[in-house]
Amino acid sequence: MPRHRTTAPLRDATTDLTSDATRDANRDANRTLNDSAEHLEAESAERAFIERGRRGYRPTMLALFLGAFSTFVLLYCVQPIMPILSEAFGIDAATSSLSLSVATGMLAIGLLITGPISDAVGRKSIMSVALLAASTFTLLAAVMPSWSGVLVMRALAGLSLSGLCAVAMTYLNEEIHPRYVGLSMGLYISGNSIGGMSGRLISGVMVDWVPWRWTLAIIGLVALLAALLFMRWLPPSRHFTPRPFNARSVLSGFTVHFKDRGLPLLFLEAFLLMGGFVTLYNYIAYRLLAEPYQVSQALVGLLSIAYLSGTYSSAWAGSLADRLGRQRIFWLFIVMMLVGLAITLFEPISLILVGILIFTFGFFAAHSLASGWVGQRARQAKGQASSLYLFSYYLGSSVAGTLGGAFWYWGGWHGVALFIGGLLLVALMIGVFALRHLEAPSATG
C-alpha cells in the first residue's frame, strides 16, 4: 500500500513534467514558425515592387525626377545661347550647334557601354557617378578659354550623362509595380521636359544679365546639388539580377533585341522624333533673333516654357497608355507634332508660339510611350535595350540637329520645317503601318 501511495505522486509529477515539456516545445515551435513567417514577410516586403500611394514611391520618383531634370539642364543649357557662342568665338550657326551635338553624340556612344555595365554592376551607383561627373565637366566648360576646350568638356559631360540616361528607365521597369510603370515613366519624362525647359530658360534669360561663362557655372552648381539629393533619396535596386559583362553577353543582347518585331522600329522612332525635336529648337532662335522679329535673347529663352506642355503630356500619355494600349494612341501624337510644325510656318509670332507648344506636347507624349514600350518588350538585358533606344534618340539629336543647319542656309525656316516634316512623316508611317498592329507587349517573349 505505501508503494502505491509513493508511485502515484511520482506518476503525476512525471505527467506534469511531460506536459510542461510538451507545452514548451509547442511554444518554441510556434515561436519559430512566427519568426519564420515574420522573416518571410519582411523579405517579401523587402523585395516588393514600389507602388503608387505606398511608402517609398514618392522619394523614388522625386529622385528620378531630379536626375532627369539635371540631365536635360546640363545637356540643353547651351541651345538658346548658340547665337552668343557664334559671336564670342567667331563661328557660324552650324559650328555653334556642335556645342549641343558633340554632347548628344558622345552621350549616344556612351549608352552602348553604360547600359551593359549597369546590367553587370547595378543601377544606382552608375547613375550617381554620372550626375556628379557631368556637373563637374559643365563647371570646367565655363572656364575653357578656347572653343575646342569648350567642345571637349561638352563631349565629356555628354558621355557622363549616358550613365543616367541608360539606366533610369530600366530602374523604373524593374522596381515600379507593372501597374504603375506607364504613369511613373511619364513622371520621369516630365522631369526631362522640365529640365530641358529650365536649362534653356535659365541660360536664355540669365545670359542677358551675366556673361555666358557665369551662366554655365551656375547651371553646373545647380546640377551638382540635384545630384547629391538624388543619391540621398533613391532606394537601392531590389529586383536587379547581375548579368556578366563580356563581349558574348553584349552581342547576345544585341541579337535578341534586334530579332524582336517591335524594338528595332522603336529605336528608329527615337532617332526620327528626337531629330525633329532638337532641330526645331536649335534653329528657331536664329529665326526669331533675325528680321522681322528681332526679339531679345531673354525672350528666346522663354520659348522653353513650351516644355511645360510636355511635362503634362508625358505623364498623361503614360497613364492613358496603361488603359488603352500604346498601339492605339502612339501615332496620334506624331500627327500632333506635324500639326504644330505646320503652324510655325505662319508669320505672326503668336502662331509660331502656338505651333511650338503643340509640337512639344506631341513630342513628349510620343517619347514617353515609346520609351516605356521598350522596357516592356525587352525580356532580358533590359539596360541594354534602354541603351539602344536612347542611343538612337541622341544619335538623332546629334545628326539631325547639325544637318538642320544646312537646311537653314538653304531655305531658312521653311527649309528647316521641310527637313523636320520629312523625319516626322517617316515616323508616322512606321507608327501607323507597323507599330499600330504590333501585338501587346505583355504577350511577347
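In what follows, the accompanying structure is described. Only a predicted model underlies this, so the values are computations on that prediction, with no experimental measurement involved. (Residues numbered from 1 in each chain as written. Predicted model: local features only at pLDDT ≥ 70, side-chain atom pairs only at ≥ 80, totals over all residues. Heavy atoms only, no water.)

The subject of this paragraph is the overall build of the protein chain. For the protein chain, the count of helices and strands is 16 helices and zero strands. When contacts within the protein chain are restricted to residue pairs at least 6 apart in sequence, long-range pairs at least 24 apart make up 85% of them. Carbon and sulfur atoms provide 67% of the accessible area of the protein chain, an area that totals close to 18,900 Å². (Helix = DSSP H or I, 4+ residues; strand = E, 2+ residues; numbered from the N terminus. Contact = heavy atoms within 4.5 Å. Areas by Shrake-Rupley, 256 points an atom, 1.4 Å probe, with all protein chains shown as cover.)

Another aspect to go through is the environment of L388. Here L388 shows up in helix α16 (residues 382–433). Sequence separation of L388 and F267 is 121 residues, and the distance between their C-alpha atoms is 6.8 Å. The residues touching L388, leaving out its near neighbours within four places in the chain, are L112, F254, H257, F258 and F267.

We now examine a nonpolar patch on the surface. A cluster of nonpolar side chains, contributed by L299, L302, I305, L308, I349 and L353, occupies part of the molecular surface with about 450 Å² of accessible area. Contributions of two or more residues to the nonpolar patch are made by α12 (297–302) and α15 (349–377). Relative to the elements of secondary structure, L308 occurs in helix α13 (residues 307–324). Relative accessible area serves as the criterion here: at 44%, L308 is assigned to the partly exposed category. (Patch = residues over 30% accessible without salt bridge, like charges linked within 9 Å, V, L, I, M, F, W, Y side chains within 5 Å. Salt bridge = Lys/Arg side-chain N within 4 Å of Asp/Glu carboxyl O. Buried < 20%, exposed > 50% of the residue type's maximum accessible area, 1.4 Å probe, protein only.)

To continue, consider the side chain of T71. Tracing the sequence through the fold places T71 in helix α2 (residues 57–76). Of the residues examined, T71 reaches a relative accessible area of 1% and is grouped as buried. In this view, T71 contacts L131, L161, L164 and C165; residues no more than four positions away in its chain are not counted.

Our next topic: the pattern of salt bridges. One pass over the full model with this rule turns up one salt bridge. Linking D260 and R377 is a salt bridge whose minimum nitrogen-to-oxygen distance equals 2.9 Å. In this pair, D260 sits in the loop between α10 (247–259) and α11 (263–289) while R377 sits in helix α15, placing the two residues 117 residues apart along the sequence. Like R377, D260 is buried.

A few words on unusual backbone geometry. Note that the residue after E291, namely P292, is joined by a cis bond; omega there is 0°. With respect to the helices, strands and loops of the structure, P292 is situated in the loop between α11 and α12.

Ranked by size, the top nonpolar core spans 128 residues in total, and within it Y188 and Y394 carry the most contacts. Broken down by element, this core gets its largest block of residues, 19 residues, from α16. If sequence neighbours within four positions are ignored, Y188 has contacts with M61, L64, A68, L164, A168, M169 and L172. (Core = buried A, V, L, I, M, F, W, Y, C linked by side-chain atoms within 4.5 Å.)

Attention now goes to the packing of α2 against helix α7 (residues 147–175). Where α2 meets α7, the axes come as close as 10 Å, and the angle between the chain directions of the two elements is 150°. If you check the angle between α2 and α7, you find them roughly antiparallel. Between α2 and α7 lies a crossing of left-handed hand. Facing T60, M61, L64, G67, A68, T71, L74 and L75 of α2, the residues of α7 in contact are R154, L161, L164, C165, A168, Y171 and L172. Looking at side-chain class alone, the contact of α2 with α7 contains eleven nonpolar, three polar and one charged residues. (Axes fitted to C-alpha atoms, helices over the stretch in contact; angles between N-to-C directions. Parallel < 35°, antiparallel > 145°, perpendicular 65-115°, else oblique. Left-handed = near helix turned anticlockwise from the far one by under 90°. Nonpolar A, V, L, I, M, F, W, Y, C, P; charged D, E, K, R; others polar.)

So far we have only geometry, and geometry alone does not tell us how the molecule works.
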